[in-house]
2 protein chains.
Amino acid sequence: MPLKRILNAQSVAVVGASKSETKRGFQAVRTLIDEKYEGKIFPVNPKEKSVLGFRCYEKVSDIEEPVDLALITTPAGTIPAVLDDCGKKGVSGAVIIAGGFRESGAEGRRLEEEVVEAANRNNVRIIGPNTSGMMNLKTGMNLVGLPDAPKGDIALVSQSGNMALTLMTEARLKSHKGFSYYVGVGNESDIRFHEYLSFFKEEPDTRAVLMYVEGMRDGRRFLQEAYKTTLHKPIILLKSGRSKTGRRSAGSHTGALAGISEVARSAFKRAGIIVVEKSDALFPIAETLSSLPSIRNNRVAILADGGGHATIAADILTDLGVEIPEMEHKTQERLKKILPFTASVRNPVDVAGGTDADPSIFAECARIILKDPHVGGLLLVGLFGGYGIRFAESLKWKEEDSAHQMGKLVRKRDKPIVVHSLYSSARPHSLDLLRYYNISVYDSLDTACECIGALAERGRYLREYHAKVNFVFNWGAKARPEGRAIIETVRKEGRNFLLEPEAKRLFQIHGAPVSEDRLARTAGEAAAVAADCGGEAALKIVSPDILHKTDAGGVRLNVIGEGAVRQAFEEIVGNARRYRPDADIRGVMVSPMAPPGLELIIGTKIDDQFGPVIMFGLGGVMVEVLRDVAFRVLPISPRSARKMMEDVRSIAILNGVRGNPPYDKAAIARVLLQCSEMIESYPEIAEMDLNPVIAYEKGVRIVDARVILKEGQVEGG
Amino acid sequence: MPLKRILNAQSVAVVGASKSETKRGFQAVRTLIDEKYEGKIFPVNPKEKSVLGFRCYEKVSDIEEPVDLALITTPAGTIPAVLDDCGKKGVSGAVIIAGGFRESGAEGRRLEEEVVEAANRNNVRIIGPNTSGMMNLKTGMNLVGLPDAPKGDIALVSQSGNMALTLMTEARLKSHKGFSYYVGVGNESDIRFHEYLSFFKEEPDTRAVLMYVEGMRDGRRFLQEAYKTTLHKPIILLKSGRSKTGRRSAGSHTGALAGISEVARSAFKRAGIIVVEKSDALFPIAETLSSLPSIRNNRVAILADGGGHATIAADILTDLGVEIPEMEHKTQERLKKILPFTASVRNPVDVAGGTDADPSIFAECARIILKDPHVGGLLLVGLFGGYGIRFAESLKWKEEDSAHQMGKLVRKRDKPIVVHSLYSSARPHSLDLLRYYNISVYDSLDTACECIGALAERGRYLREYHAKVNFVFNWGAKARPEGRAIIETVRKEGRNFLLEPEAKRLFQIHGAPVSEDRLARTAGEAAAVAADCGGEAALKIVSPDILHKTDAGGVRLNVIGEGAVRQAFEEIVGNARRYRPDADIRGVMVSPMAPPGLELIIGTKIDDQFGPVIMFGLGGVMVEVLRDVAFRVLPISPRSARKMMEDVRSIAILNGVRGNPPYDKAAIARVLLQCSEMIESYPEIAEMDLNPVIAYEKGVRIVDARVILKEGQVEGG
């Protein structure tokens, strides 16, 4: 695997190495020396004989020994030639620092394509361009020029050099953890996010992957790889570029198509990724997840030496969906024995001064609390670590004893403890001890809560882990010959949409419950069909030249009686002729009006980052006014189909409100799965729109269906 | 004003003063000495002759000189006697440290009542009990025993001693600002939140009020005082106890009835309070609002030296409702002249390395950006302050120059600059310089964004300041004699609810559009009334013994024709007799069925903290399933009535969707105002429920109305 050779390179050529101290090519060599890089360093620059004591080569291919990786610090225009030379030498990868590519407009985009082409033909994989670089902290291969990066077991993958710098600075100042690798993905021109992930999944010294993402070029494969990774290692991800301006900003510097959305969030979570919303919490959550056992039952106890912190923590944890259970009677009785009568021994536990004279009581409380089977983890909030500072210096010994006990307790019970301490920034020894035992300590109460919340979220994911999630299509596997024939007819006729009868037939082929329609070519035929329907009928124009039937006056609903049907037929056809005089009118579709039920909308579209996604919502104001919809990246499993229905706020309506019986959710789920199957069967489909689907106590009916095809040739097709 | 004498006390008696170093009564005297309290210290303890060199008195009344304030450190049971003695001496206030009062159950509640009684009869005001104490940092009157509290111009009012400690620690470690006063309100047994506020409103050395609140005993008067204060000084407030467990936790330690809710949030915001959700942001926002001009146009420019920070900042600001406008062409041209061609000169501005060699370019950019009339404030994100650390030491002079220029720029333009710096915790001189100029600097990007967001929020409030907001009722002012007569009849009959005809008449008296009903005493009368209605009629039982008419089978809708009306009358009366055989049946109300329209629900109830509140929502699933409702504390102004309609997510339906015309919002607003007027007129009303109110393109109609009265005697009544 070339990534292994690249990220663990035993030799680096620095193209553009320089003697001038302000040049990137000087700093690069300087840093490799300072960081005691284990591998070999080969400066390359036709104008120099040596750089910092190393012999300097005219070009990469002049180097006698093997070269695993090239760090290219020369300007954008020089790169294709350098890559050709690297190819000659058998270099596996190149880190390209220069900007001025896709992020800078059309000219840069062209240049980037040229670079990727050169890389492909030379069998060189590219990190970047427009990247701050890459680090392997185990070997000292620091290609970023940032000293003092803290070592540890977290792999960092970032689309912003400054965010990487932020996280490393934070780790250095506030933590005892650090990084195994850093990759600045830059424009993601060649090596994609999922390839890095696939390396870190297997990398033995990496226990968690921390990612800052603005936009991805192959979101679907990333999801698939993430899904496989998160069963073994947590992935912690912040996706920025939610807002319009945020996207403008992201676009201006990485050339990526940014944009988080509900689609992305639900997809990431389905792949088991911990999605972080606030940059403050990003490193702490990664640190916590790489160090502590996850919470198996979503239940946390809070231990406090004052009410305010406990109250705020309870609020935040509740918002995060974590339970704060009542503890067993036995637990409460045990706590009562060691705490003053004014203490609260329910959860949250407030020691009410019971630790003032002896903070080792905290460890006693922790021991009792973590023994309770209802409690999956402990959040300690308040002054711990500061008793020796605030009250009496001698108390620090008790705090240190307490820290040792709590540290061992985490191992014994395999339940996590996270600590909020007001005195964290004073770095008392007791808190360093806690960190030694991998207990997370934060001076921010919000952060401490979010960290224990992440342990609970990871525990929920692992408990409910679903082996059938799949983000990869088996294109065409379930296509039916008749379905393929429909698509091909449409293509042959040069259309990009299916006529309603074609669309409905396609659904029918895949088992979906469409309304029973028949095509009438004359007013008489229409009247005959309508008579068969009994009661009310719906009439709709069928023409390859009319996609928007309503706009063309091509729809009449609730038509009753022969005379009315004939008149409706004539009107519809007349309207269509006026709308488009040259329209090829195939006839009018006549269908029985569906009995009243609950209107749903189901649709699919192509997301820029993740490809085909499916949407579900309740028709009418719920979707149109309240935008109450759920999305899933396709394909979906039966469980996903059920879960996405639960994601809409209006789910209660489906469950039956105001005395109504529940609607047939199993039948709705089947339609969602049928849509998934159809997308997988016919990669030509760009968009489907079922609006409305009408749900009943038993069954559903698809009343209107639109299917739009992609333009041109199609991947997987 | 006694609070002035208390909070600026020139002399303090320490009741329970002690020679034992571990006692609160020793620490109290010790701290006053250490903090160089300007006033006089009088230890009081019958068992001691002197404490720490001060003569010790047997009781407060033995002190020869005037005593402004007593700090009482003795246990709960001793307090009433101490207060009697304080009263004899003419002491204005007492800070009561002891716990064991209302927060500890029924016995404590009784004791607290006794203490308040003693205070009242002795004309002594109480801070606490169950408080960590109080500080006047200007005079060194530190009654908390916490050293090193940083001085400044923010008044801190907190219901948790630990939260106060947290905020002071944070201020000391991360800021150059601090506090003018601290008050621990404890159980709020006597002096209420609004009284402290009223003092700080006038206090000349206080520029902002920072509050941590779990529950309030007189929320309405607090709102009124806050509304008056925020025009001149910002109030920054965190209200915890949102969650059920949070409330349980709060209840266990302050005895307050906690519980934030949409009611509280909307009320606080209406009073101009900056409501903070995260404790991390609490002090920074207070610091920023006390130091920097607010943003007049809600528009912020972002200046960055790297994309990641700018993208995240744009996301957060957008979420906070702040605009990130495009800047004038002129501005962009000016920026282009001083930045590299790869820089982005739109907003966010990314200098793209343009400051690497000279960070004073930041000040140049700031000057150009703040000159733009579209820009109301500047957020600088990234590495500023760290150029001298990260790149070359000599750059620090440029950074310091830049800091001076930006500092002066804030004054010149009267527009704020907030800075995020990765290097904040390294405390480079340039960042201290920024702080000297009152520019806020944070190492958390989230916090920096929230701070500039708060400046924008305060600017929006001041720009839209509405002089007609009022949280105080003028009880009975608009009562009508006939309305009073109805209420009195109900009372006389020993009922706690109005019959529907009474309720509707009451609304009618106040001008509200109720349906036209008539009471029928016989089936024949009912048929005659129904005939007058034309078309369909609704029949409802009228009985003082039946509140829930539907449950009693006492409602028939859409009744057509004489026979059906007679039959419905008999059925309703029969059902009612079966439901309650002894029911006093006054007859059956017959009304024309309202034409179809949009169903609304309007109601009022008494909130535990704020008193009467009004609720508005769209009927059916919007309220019942989606809980899509808006609340306002009463009374409301016409503007509030309009604004609360806009608060529901389903407002788009009112505005007309799917081709429907808009509904008559002015008429709906009038009903909301009529409800407000009625609550103010008749303080006996506990609850009103208008369900449904039907809205039309023109006008609205109240179809059903319930009015419930309070039990027993009524304040203001």
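Predicted, not measured: the structure shown is a model, and the values here were computed from it.

### Description of the relation of the copies chain B and chain A
And step 1. With an RMSD of 0.1 Å, chain B superimposes on chain A once it is rotated by 180° and translated 0.0 Å along the axis. A rotation of that kind, with that shift, is consistent with a two-fold axis. The C-alpha atom lying nearest the rotation axis in chain B is that of Met622(B); the distance is 4.7 Å.
And step 2. Mapped onto chain A, 100% of the interface residues of chain B are again interface residues, and the two copies thus contact each other with one and the same surface.

### Things to note about the packing of aromatic side chains
And step 1. Tallied over the full model, the rule gives 32 aromatic pairs over all chains.
And step 2. The interplanar angle of 85° and the centroid separation of 5.6 Å between the aromatic rings of Phe362(A) and Phe384(A) together place this pair among those described as edge-to-face. Placement of the pair is Phe362(A) in helix 13 (residues 361–371) and Phe384(A) in the loop between strand 17 (377–382) and helix 14 (387–390), with a sequence separation of 22 residues. When sorted by exposure, Phe362(A) lands in the same class as Phe384(A), which is buried.
And step 3. Measuring from ring centre to ring centre gives 5.7 Å for Phe179(B) and Phe283(B), while their planes differ by 55°; the resulting arrangement is tilted. Of this pair, Phe179(B) sits in strand 11 (residues 179–184) while Phe283(B) is found in helix 10 (residues 279–291), placing the two residues 104 residues apart along the sequence.
And step 4. Linked through ring pairs, Phe193(A), Phe222(A), Phe268(A) and Phe610(A) together constitute an aromatic cluster.
And step 5. Above the face of the Trp397(A) ring, Lys396(A) is positioned so that its terminal group lies 5.0 Å from the ring centre.

### Here's the deal with the pattern of salt bridges
And step 1. Enumeration over the complete set of coordinates arrives at 104 salt bridges over all chains.
And step 2. The salt bridge involving Glu450(A) is made with Lys278(A); its shortest N-O contact spans 2.8 Å. Here Lys278(A) lies in the loop between strand 14 (274–275) and helix 10 (279–291) and Glu450(A) lies in helix 17 (residues 445–463), a separation of 172 residues in the sequence.
And step 3. For Glu450(A), a relative accessible area of 17% corresponds to the buried category.
And step 4. Judged by relative accessible area, Lys278(A) falls into the buried class, the value being 14%.
And step 5. Asp218(B) is the partner of Arg221(B) in a salt bridge, and the nearest nitrogen-oxygen pair spans 3.5 Å.
And step 6. In the salt-bridge network here, residues are joined through shared partners; they are Glu500(A), Lys504(A), Asp517(A), Lys540(A), Lys549(A) and Asp704(A).

### Side note on the interface of chain B and chain A
And step 1. If you look at the interface, chain B gives 69 residues, while chain A gives 69 residues.
And step 2. Summed over the shared surface of chain B and chain A, the result is two salt bridges.
And step 3. For Lys174(A), the salt bridge is made with Asp443(B), and the minimal N-O distance between the two is 3.7 Å.
And step 4. Summed over the shared surface of chain B and chain A, the result is 16 residue pairs in polar contact (both at pLDDT 80 or more).
And step 5. Sorting the residues of the side of chain B that touches chain A by element identifies helix 5 (161–174), helix 8 (244–254), helix 10, helix 11 (307–319), helix 17 (445–463), helix 22 (621–624) and helix 24 (651–654) of chain B as the ones contributing at least two each.
And step 6. Looking at the side of chain B that touches chain A element by element, the count peaks at eleven residues for helix 11 of chain B.

### Digging into the sheet that holds strand 21 (residues 537–542) of chain B
Residue and element names in this part refer to chain B.
And step 1. Judged by pairing direction, the sheet is antiparallel, and its four strands sit side by side in the order 20-23-21-22 without closing on themselves. Looking at the sheet topology across the chains shown, the edges are occupied by strand 20 (518–520) and strand 22 (555–559). Strand-to-strand twist in this sheet, taken as the mean axis angle between neighbours without regard to direction, amounts to 25°.
And step 2. Here strand 21 runs beside strand 22; their pairing, made up of three bridges, is antiparallel. From the neighbouring strand, Lys 540 faces strand 22, where its bridge partner is Val 555.

### Digging into helix 16 (residues 429–436) of chain A
Residues and elements named next belong to chain A.
And step 1. All of the buried residues along helix 16 are Ser 430, Leu 431, Leu 433, Leu 434 and Arg 435.
And step 2. Of the surrounding secondary structure, the elements contacted by the buried residues of helix 16 are helix 5 (161–174), helix 15 (395–413), strand 18 (417–421) and strand 19 (440–442).
And step 3. Taken from the residues just after helix 16, Asn 438 is the one with a positive phi, measuring 70°.

### Side note on unusual backbone geometry
Glycine aside, a negative phi is what most residues show, and trans is what most peptide bonds show.
And step 1. Residue Pro348(A) is bonded to the preceding Asn347(A) through a cis peptide linkage, with omega at 0°.
And step 2. Of note, Pro348(A) is situated in the loop between helix 12 (329–338) and strand 16 (349–350).
And step 3. Positive phi, normally seen in glycine, also occurs at Glu188(A), with a value near 50°.
And step 4. Tracing the backbone through its elements, the reader meets Glu188(A) in the loop between strand 11 (179–184) and helix 6 (193–202).
And step 5. By relative accessible area, Glu188(A) is classed as buried at 2%.
And step 6. Phi is positive for Ala352(B), which is not a glycine, with a value near 50°.
And step 7. Counting through the fold element by element, Ala352(B) comes out in the loop between strand 16 (349–350) and helix 13 (361–371).

### Re helix 3 (residues 79–89) of chain B
Residue and element names in this part refer to chain B.
And step 1. For helix 3, a buried count of eight out of eleven residues is recorded, marking the element as mostly surrounded by other parts of the structure.
And step 2. Among the residues of helix 3, Ile 79, Pro 80, Val 82, Leu 83, Asp 85, Cys 86, Gly 87 and Lys 89 are the ones counted as buried.
And step 3. Where helix 3 is buried, its residues meet strand 1 (11–15), strand 5 (69–72), strand 6 (93–96), helix 4 (106–121) and strand 7 (125–127).

### Description of the sheet that holds strand 16 of chain A
Residues and elements named next belong to chain A.
And step 1. Spatial strand order, 16-15-17-18-19: five strands in an open sheet with parallel pairing. Both edges of this open sheet fall to strand 16 and strand 19, since each of them pairs with a single strand only.
And step 2. Pairing between strand 17 and strand 18: five bridges, direction parallel. Looking at the pairing, Leu 378 lines up with Ile 417 of strand 18.

### Topic: the pairing of strand 23 (residues 587–592) of chain B
Put simply, side chains in a regular strand alternate between the two faces of the sheet.
All names here are of chain B.
And step 1. Among the six residues that make up strand 23, five are buried, leaving the element largely enclosed by the rest of the structure.
And step 2. Bridge count between strand 20 and strand 23: three bridges; the pairing is antiparallel. Across the sheet, Arg 518 pairs through a bridge with Val 590, a residue of strand 23.
And step 3. Both strand 21 and strand 23 contribute to a ladder of six bridges, which runs antiparallel. Residue pairing across strands places Lys 540 opposite Met 589, the latter belonging to strand 23.

### As for the environment of Ala568(A)
Residues and elements named next belong to chain A.
And step 1. Structurally, Ala 568 is set in helix 21 (residues 562–579).
And step 2. For the pair Ala 568 and Ile 316, spaced 252 residues apart in sequence, the C-alpha separation works out to 60 Å.
And step 3. Among residues more than four places away in sequence, those in contact with Ala 568 are Leu 539, Arg 556 and Val 559.

### A look at the side chain of Glu399(B)
All names here are of chain B.
And step 1. Relative to the helices and strands, Glu 399 is located in helix 15 (residues 395–413).
And step 2. For Glu 399, which is buried and forms no salt bridge, the nearest opposite charge comes from Lys 396, at a distance of 8.9 Å.
And step 3. Beyond its immediate sequence surroundings of up to four residues, Glu 399 is in contact with Pro 359, Leu 383, Phe 384, Gly 385, Gly 386, Tyr 387, Gly 388 and Ser 430.

### Looking at the confidence of the model for chain A
Residue and element names in this part refer to chain A.
And step 1. Taken as a whole, chain A shows an average pLDDT of 92; of its residues, 96% reach a score of 70 or greater.
And step 2. Here residues 252–260 scores under 50 on pLDDT; set against residues more than four positions off or in separate chains, the count is 49 contacts.
And step 3. For this predicted complex, the interface confidence comes out at an ipTM of 0.88, alongside a pTM of 0.90.

### Some words on a positive patch on the surface
Residue and element names in this part refer to chain A.
And step 1. There is a patch of like positive charges on the surface, built from Lys 330, Arg 334, Lys 337, Lys 371 and Lys 412.
And step 2. Considering every element that reaches the positive patch, the biggest residue donor is helix 12, with three residues.
And step 3. Summarising the element assignment, Lys 371 is placed in helix 13.
And step 4. Owing to a relative accessible area of 45%, Lys 371 belongs among the partly exposed residues under this scheme.

### Observations concerning the state of the cysteines
All names here are of chain B.
And step 1. Applying the stated criterion across every chain yields a total of zero disulfides over all chains.
And step 2. With no disulfide of its own, Cys 56 has Cys 86 as its nearest cysteine by sulfur position, at a separation of 14 Å.
And step 3. Between Cys 451, a cysteine without a disulfide, and Cys 449, which holds the nearest cysteine sulfur, the sulfur-to-sulfur distance is 9.3 Å.
And step 4. By relative accessible area, which is 0% here, Cys 451 ends up buried.

Cut-offs and rules
- Residues numbered from 1 in each chain as written.
- Chains lettered and ligands numbered in written order.
- Predicted model: local features only at pLDDT ≥ 70, side-chain atom pairs only at ≥ 80, totals over all residues.
- Heavy atoms only, no water.
- Least-squares fit on C-alpha atoms with pLDDT ≥ 70 in both.
- Contact = heavy atoms within 4.5 Å.
- Phe/Tyr/Trp six-rings, centres within 6.5 Å; stacked < 30°, edge-to-face > 60°.
- Helix = DSSP H or I, 4+ residues; strand = E, 2+ residues; numbered from the N terminus.
- Buried < 20%, exposed > 50% of the residue type's maximum accessible area, 1.4 Å probe, protein only.
- Lys NZ or Arg CZ within 6 Å of the ring centre and 35° of its normal.
- Salt bridge = Lys/Arg side-chain N within 4 Å of Asp/Glu carboxyl O.
- Polar contact = N/O pair within 3.5 Å; in protein donor to acceptor, adjacent residues only side chain to side chain.
- Pairing = 2+ DSSP bridges.
- Axes fitted to C-alpha atoms, helices over the stretch in contact; angles between N-to-C directions.
- Lys, Arg positive; Asp, Glu negative; His and termini not counted.
- pLDDT = per-residue confidence, 0-100.
- Patch = residues over 30% accessible without salt bridge, like charges linked within 9 Å, V, L, I, M, F, W, Y side chains within 5 Å.
- Areas by Shrake-Rupley, 256 points an atom, 1.4 Å probe, with all protein chains shown as cover.
- Charge placed at Lys NZ, Arg CZ, Asp CG, Glu CD.
- Disulfide = S-S within 2.5 Å.

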